[in-house]
Structures are given as structure tokens and as C-alpha cells.
2 protein chains.
Amino acid sequence: MSEMYAIRRTRLREQCNAAGNAAALVSRPANVRYLAGASPQGSVLLLGKTEDLLLCTGPPDERPSDGRPDETIRVQSLPGSAGDPAVAAAGLAMAQGADSLAVEEHHLTVARHREIRSVAPRIRVADLGGAVEQLRVVKDEEEISCLRIGAEIADQALGELLESILVGRTERHLALELERRLVDHGADGPAFATSVATGPNAGRRAHLPTDRRVEEGDFLSVCLGARYRGYRCEIGRTFVIGTSPADWQIELYDLVFAAQRAGREALAPGAAYRDVDRAARQVLDSAGYAEGLSALMGHGVGLEIDEDPQLAPAAMGKLDACVPVTVEPGVHLPGRGGVRIDDTLVVRPEADGGPELLTITTKELLAL
Amino acid sequence: MSEMYAIRRTRLREQCNAAGNAAALVSRPANVRYLAGASPQGSVLLLGKTEDLLLCTGPPDERPSDGRPDETIRVQSLPGSAGDPAVAAAGLAMAQGADSLAVEEHHLTVARHREIRSVAPRIRVADLGGAVEQLRVVKDEEEISCLRIGAEIADQALGELLESILVGRTERHLALELERRLVDHGADGPAFATSVATGPNAGRRAHLPTDRRVEEGDFLSVCLGARYRGYRCEIGRTFVIGTSPADWQIELYDLVFAAQRAGREALAPGAAYRDVDRAARQVLDSAGYAEGLSALMGHGVGLEIDEDPQLAPAAMGKLDACVPVTVEPGVHLPGRGGVRIDDTLVVRPEADGGPELLTITTKELLAL
């Protein structure tokens, strides 16, 4: 495992050096974790000219962290009074003889950037851009295995919920119960705030659970995921409460299901991000739901729940093998509710059987 | 309530104008919420020359938000493809005729800042600094009342836990149960990740719960808080598991209790932040625990769990009345565990009875 982190850092260092930068400062937490094995709160990673350092503040005891720093990297604790680790890192880069430092301008604040330039005036501060995010897009089998386990956990938690009595319970309680079950089954925690939406709320993306209770005849849409060794997956399903769904519910469900299947079937190495989006979106568009659709039909998952690529109309780029993404179209009818169906899949070549579905809970319309 | 937000915005606008800035762009979520009543994900607030605007991305349906935008402010939805609301806000500020725009340089990234300057080249971009954070330090009675309710909820959740059987249960499960109870009693959710620490973990600040099970003879330290209408409070207690605590446990507990009391008693309008820190810290220092102590002995609470002021050795400034803070000294002995005691209090003048304790769970050393 340790080697893996060292290899990732070497790849980044080579890119940096090729761009004329002697050192790099990584501050975005998921990027720090990807390269160092852990990202204690407030830590930054210096890819230095002579040595890499994980800089942390405060005593080691007080560093909440959901991973362990890789053994090949030196961890340096700064006393609480030492100020910003990013600024300290810039000073250390200069001390190591670097004349240039690439920083994550999309993460670093203007204030920190200014402070860096003031403590290290002889260093040219450049932009690392999304270099680490780009390295993170294609996953290795170790990473995919964490996502696969996370997806199994989410499937189990969801499956158990479906066996319990739902009518009369609030969105908030159902969400909490799902999160408890995720942890019961071995998750480090939820991958994101669990969403449970009933009745008129059903089908809303990222709906925050309220005190509304489940009623007969409701659509119930649920979106949850497990965090396992830092990796986050996502599953979303919609159900009907009661003995038999209404006609409009069946129609809407079939439509969203068709859109989601079209999106899944479009996943292949070489497929353009926007074409996957279009495959799902046009099914909903042509049924008259163009307005109010999500800005994207899916997105990458990994150390963050919403990472590159974006499967959206204006996204540039093509899928590679071993990229895990969600496919999650939905339709919400104001005042009536709606349907979302969301899977996590790994892009695989046709020869390997096509996209690998990680979240295997049934997508039949269940009446609960 | 709506008037309140308009009054806050007026205060900020006056400060801005006095500093020579025609408009301000507020991007830090808690600051947006403070001034607009809500901060939908990704939203920013423009305090414009002619009109204030809350700029959001995506359809209204898909905006997770834990508050409602104030009625006196216009909410403008940007389509998903419109890019960054902060950049759009800069364009609107220019369109309103502003020649200068103050931004939150401690929150805005370098990349967004650059984009703002490029879309609004005729505008001088200045620094708003921590102006909104400073407005937020002294709370009104409405805000304090939210904190008080939150503290009651946390006391209830903790009280119920103490009545249940603890031995054999994991830190992770106890933390989840506390969070469920917070919601049961009316919290919007936990104020921060609930910390449950047993045995050698006890007393660690912000310890992330593990699968360690509670054992006889353990110290058990718990830190939790409720989020109520956006306001976040904090309570921390340490207990002993079993019939009678060991001598070292009693001694350590008494010491931390004395430090915490000294900190509480130092809270008064006009008291220097660093003097409150010193009051608590020197009790622990003089018992030989100077090393490994937290960088701070307490901090402000409100819309964020860790906000100004910092009660720390190098902090500059003095307490005002109606400032809610935590007092939370602790000692952790590596390998053995330790004690933390943490209250949320509101600074009040002597004439009003001195500091108001919001978290009223007993601080006797309970053997559970």
C-alpha cells in the first residue's frame, strides 16, 4: 500500500517538474489523502525538492483523520501557534531550495495565497490546477474494491429498511436509521447526508429529510451511500407505498427507469461524458420533462462523492476504463413528487462484460 | 425576523461604504445565512449598489438548505450552465454601476478571484476581511434562544444515554445513538461529528469514534451538540465505567474540573480572550500537563461550531456581553486516556448573574 502512495506522488512530481515547477503544495483534503494516505484536519502536503512532508497542526492526539499517513512520508506537527500549514509549507519549500511552487488555486484562498507570497517572496507561485483530481479519475483495483464493499453495505442497509414498516415514520428517522445500518454493516460512516423524500418531496435531488411522515400512496425516494476506507459510493431508489401504484406513478417510474438504463448502456471506454448525459436526458426530454432536470445525469465517485467526471451537457472529455460513476436521472413534479434512480457503476470495456454495476438492489418498482 | 436580516445587511453595507466599497460579495456559507436567512448550497450574497441578491445555482427543487431565505431579499436562480455564482454576482455588481466590490479573501479561492477580475475588469476588487464574522460575534436574544434550545436537546440526549447500558457497546454505536436522540428531541441534526471516546481514547479532543467497546474501569468521554435553526452548541462530559473510579482517575478529573471552573469564572464582559484561556490553562500547566494541551481552551459558537472568538494564548480582543463560548479544557495521557469537560455559556455582566450556563448536565464525576 505504501508504495502506491509513493508512486502517485512520483507521477505528480514528474508532471510538476515537466511544467517547470520544482515543488507542489497540495491543500485540498481529498487530494492530500490520495497522495499521503491520510488528511488530518487542516493538513497540507508538500511535494518538496528534496523531501515530501505532511504538515499538520496541533498535537497528534487531536488530529481527526479517517486514514493513516503512508509510512513513506514524513509527518511534521506544527504547534497551534505556528499558523497556517500552507504558509509553513511554502517556507519549507524555499528552505529546500525550490524556486517555484505550484499551488491548488481552485482550493487555496486568496488570503492564504497572499501570505504564501509574502513569506516566500523569492519563490514563483504557479497553479497546479486540477492535476491531482485528474490523477484520481481512473481508479486502481484496490480503490474499486473499496467502492464495491461500500456499495454492498449500502445495498444491505437499504434492503433491511425495505423489510420494516414505513408508513407513519418521518423522513428524518428513516434517514437516521439508514445511517445507523450503514455503520452496523461496517461503513466508516455515510458517504454524504442520506436523503429520504416522501410524497411531494420524492424525486428531489439531495432533498434534506424533514418531519414529513410516510403515507399510503406516496412515492418514497431514498439516496444513500457508504464511506469505506475513505471511498464513497451512492445508490438511489424510488418505491411506492401501499398495495398498488397509480397509473401516473407507473408511467413516471418506467420513464425514469428507461432514462437510467439508457445512461448505463452508454457507459463505455471512449464514450464522451456529454453523450452519456444525452443518452439519459433525451429520454426525459422527449417525454416533455426538459425543464427542471438536473444539471447532470451522473458524476464520478471516489474519495469525494462528487468528483470528476461530470456527466453533463457541456462536459468535455471521454470515459476511460476503471472510472466509477453514478447514473442518476430523476423527474420531480412540483406538488406531486417524483422518481430518481441512481446507481454506481465502473466503466469496463465490452470485452470485460461492459459496465460493472456496484449497487445491485433491484430497480423494479416495489410497492411497500 | 425578516427585518433582522435587512438590519444586518444595512450594518454591513454601511461598513463597506465607509471603507470605500460600493458593493460586497459574501461567499462563506455561514455568513450568507447570517445575512440572508439561508445559504442554499453554492449560493452567494451580493450586497449591491441598488439591490441585494441571493444567487443560487440549479433549479430551486435541488437546493439543499437548512433555512428559508429572508423575504426582503430577491433570490435569483442561475441555470446549471451559468457557472460560478460568485462570478455572476461580480457581473451583476458591475451592471448595477458599482466601481468596487469587497470580497471575502479568506474564503474565496484564488481561481474564483481571478475569474471575477476577468469578468468585471472595471471593478476594483477589495477585501471584505472578517467583517461579517465580526458582526456575528455578539448574538441577539433570538440567536441565544436557539442556542439555549439546542443545549437543552443535547442535555436530554446525553441524559438518556447515561441511563442505558454502556459496557460492551462500541464508540461508533454510542455516537450514532446520541445523534439519533438529538434528532428525536427536535434538533435539525448534530452540530458536529459526535465524539465518543473510551479507555485510552478518552479525553482526546475531536476523537473520531472507533469500534472500541466500552470496558469496566474505562474513562468515557463524550462530546456532542445539537444544531437548532442553524445554531450549534457543544457539551462534553467524562464519566467512569464501573463501580468506583481509581485514584488517578479521581485526581485527573478533579484537576480538569478545577481548570474548567476557572475558565468559566473568568468569563465576563471586558475579559481578554487570552486571560480566559490562561485561567483554565494555568491550572493544568501547574500540575505538569503543559505539554500536549489544546491550542485553545474554548471558542465562540453560533452558526458555526468553531467561530470567533478563540480563547487561546495569542488571541487578541476582549469578551462582550451576549457572546456564547465554550470552555473545554482537557488532559489526555497517552495509553491511559483522559478527561475533557466542555460547556457552552453566554457571557453576561455580573449584574445579570454572570455567565449563563446553557449545558446543564451535571459535572460531578459519575460512575456508570
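An unreviewed UniProt entry lists chain A under the name Xaa-Pro aminopeptidase, with Streptomyces pseudovenezuelae given as the organism.

A few words now on the sheet that holds strand β7 (residues 189–190) of chain B. Residue and element names in this part refer to chain B. Within the open sheet, the 3 strands sit side by side as β7-β10-β11. Their pairing is antiparallel. In the strand order of this sheet, the two ends are held by β7 and β11 (231–232), each with one partner. The pairing of β7 with strand β10 (residues 226–228) spans 2 bridges and is antiparallel. Counted as the bridge partner of P190 is A226 from β10. Where helix α6 (residues 141–162) meets the sheet, its contacts fall on β10 and β11, and the angle it forms with β10 comes to roughly 145 degrees.

The next subject is the domain arrangement of chain A. All names here are of chain A. Entries for chain A in the domain assignment read domain 1 (2–136) and domain 2 (138–357). In this structure, domain 1 and domain 2 have C-alpha centres spaced 34 Å apart. Contacts between the two partners involve 11 residues from domain 1 and, on the opposite side, 12 residues from domain 2. Carbon and sulfur atoms supply 35% of the area buried between domain 1 and domain 2, which totals about 890 Å² over both sides. With a shortest N-O distance of 3.7 Å, R8 and E143 are connected by a salt bridge.

Turning our attention to unusual backbone geometry. Residues and elements named next belong to chain A. Cis rather than trans, the peptide bond between D308 and P309 has omega equal to -5 degrees. Residue position: P309 is located in strand β14 (residues 307–311). A positive phi angle, near 55 degrees, is found at A206, a position not held by glycine. Topologically, A206 is positioned in the loop between β8 (195–198) and β9 (219–224). Using a relative accessible area of 40% as the deciding quantity, one classes A206 as partly exposed. In this structure, C322 takes a positive phi of about 70 degrees despite not being glycine. You can call C322 buried: its relative accessible area is 18%.

Right, let's get into the pairing of strand β8 (residues 195–198) of chain B. Residues and elements named next belong to chain B. Burial along β8 is two-sided: the face carrying S195 and A197 and the face carrying V196 and T198 are both buried. Bridge count between β8 and strand β9 (residues 219–224): 4 bridges; the pairing is antiparallel. Residue A197 lies in a different strand from β9, and its bridge partner there is S221.

To continue, consider the pattern of salt bridges. Residue and element names in this part refer to chain A. Per the stated rule, a full pass over the model turns up 60 salt bridges over all chains. Close ionic contact of D184 with R180 constitutes a salt bridge, the shortest N to O distance being 3.0 Å. Here R180 and D184 lie together in helix α7 (residues 171–184), a separation of 4 residues that amounts to about one turn. A residue is classified by how much of its surface remains accessible, and D184, at 35% relative accessible area, is partly exposed. R180 sits in the partly exposed class, given a relative accessible area of 31%. Ionic pairing is found between R281 and D277, a salt bridge with its closest N-O pair at 2.8 Å. Note that R281 and D277 are positioned in helix α9 (residues 273–289) at a spacing of 4 residues, about one turn of the helix.

With that out of the way, let us pick up the sheet that holds strand β6 (residues 124–127) of chain B. Residue and element names in this part refer to chain B. In spatial order, the strands read β4-β3-β2-β1-β5-β6; together these 6 strands make up an open sheet with mixed pairing. The two strands at the open ends of the sheet, each matched to only one other strand, are β4 (74–78) and β6. Put simply, the sheet's adjacent strands are angled 25 degrees from each other on average, direction ignored. Relative to strand β2 (residues 44–47), strand β1 (residues 23–26) is paired through 3 bridges, and the arrangement is antiparallel. Paired with L25 across the two strands is L46, which belongs to β2. Along the sheet, helix α3 (residues 85–95) makes contact with β1, β2, β3 (52–57), β4 and β5 (100–103), crossing β2 at roughly 15 degrees.

Another point: the packing of aromatic side chains. Remark: the centre distance and the inter-plane angle together describe each pair of aromatic rings, the angle taken between the planes. All names here are of chain A. Counted under the stated rule, the structure contains 2 aromatic pairs over all chains. Relative to W248, the ring of F219 has its centre 5.5 Å away and its plane inclined at 85 degrees; by these criteria the two rings are edge-to-face. Of this pair, F219 sits in strand β9 while W248 sits in helix α8 (residues 247–265), placing them 29 residues apart in sequence. For F219, a relative accessible area of 1% translates into the label buried.

Procedures and definitions
- Residues numbered from 1 in each chain as written.
- Chains lettered and ligands numbered in written order.
- Predicted model: local features only at pLDDT ≥ 70, side-chain atom pairs only at ≥ 80, totals over all residues.
- Heavy atoms only, no water.
- Pairing = 2+ DSSP bridges.
- Helix = DSSP H or I, 4+ residues; strand = E, 2+ residues; numbered from the N terminus.
- Contact = heavy atoms within 4.5 Å.
- Axes fitted to C-alpha atoms, helices over the stretch in contact; angles between N-to-C directions.
- Domains from an automatic or database assignment.
- Buried area = accessible area lost by both parts, 1.4 Å probe.
- Salt bridge = Lys/Arg side-chain N within 4 Å of Asp/Glu carboxyl O.
- Buried < 20%, exposed > 50% of the residue type's maximum accessible area, 1.4 Å probe, protein only.
- Phe/Tyr/Trp six-rings, centres within 6.5 Å; stacked < 30°, edge-to-face > 60°.

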